[in-house]
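What follows is each chain in one-letter form.
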Amino acid sequence: MAFIKIQNVVINTSYVAAVKLDSRTSSGEKSVSVLIATPKFPLFQLESISQNLYHNEWIEFTGQAASALQDYFTSFNNVIDLSPQYQESSVM
């Protein structure tokens, strides 16, 4: 479990379900959005059958926070890119 702090928001990375990189706000400003999915704990076992088990919320960051999040989530130490934009040439 890791935590990241962006401005006055601390995020438990175990609950990050998705990240939208290179987005734009309605005013055209660069943004990064993070989908946080936290588990709901039903009061009764029967409630879990018919209800969604997670609470989901998108949080949008702009400015320096967006740049920092983009750097974090595109770092080779944190994320493996399954479709790289470039291919390394192989030597035979």
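Q: Mind showing me how you'd approach the overall build of the protein here?
A: The secondary structure content of the protein amounts to 2 helices and 5 strands. Reading the helices (α) and strands (β) of the protein from amino to carboxyl end gives β-β-β-β-α-β-α. For the protein, buried positions account for 21% of its 92 residues. Relative to all contacts within the protein whose residues are 6 or more apart in sequence, the contacts with residues 24 or more apart total 44%. Of the roughly 7500 Å² that the protein leaves accessible, carbon and sulfur atoms contribute 53%.

Q: I keep staring at a nonpolar patch on the surface and nothing clicks. Help me out?
A: On the surface, M1, F3 and V10 cluster together into a nonpolar patch covering about 390 Å² of accessible area. Mapped onto the elements, M1 comes out in the segment before β1 (3–6). On the basis of relative accessibility, which here comes to 76%, the residue M1 falls in the exposed class.

Parameters and conventions
- Residues numbered from 1 in each chain as written.
- Predicted model: local features only at pLDDT ≥ 70, side-chain atom pairs only at ≥ 80, totals over all residues.
- Heavy atoms only, no water.
- Helix = DSSP H or I, 4+ residues; strand = E, 2+ residues; numbered from the N terminus.
- Buried < 20%, exposed > 50% of the residue type's maximum accessible area, 1.4 Å probe, protein only.
- Contact = heavy atoms within 4.5 Å.
- Areas by Shrake-Rupley, 256 points an atom, 1.4 Å probe, with all protein chains shown as cover.
- Patch = residues over 30% accessible without salt bridge, like charges linked within 9 Å, V, L, I, M, F, W, Y side chains within 5 Å.
- Salt bridge = Lys/Arg side-chain N within 4 Å of Asp/Glu carboxyl O.

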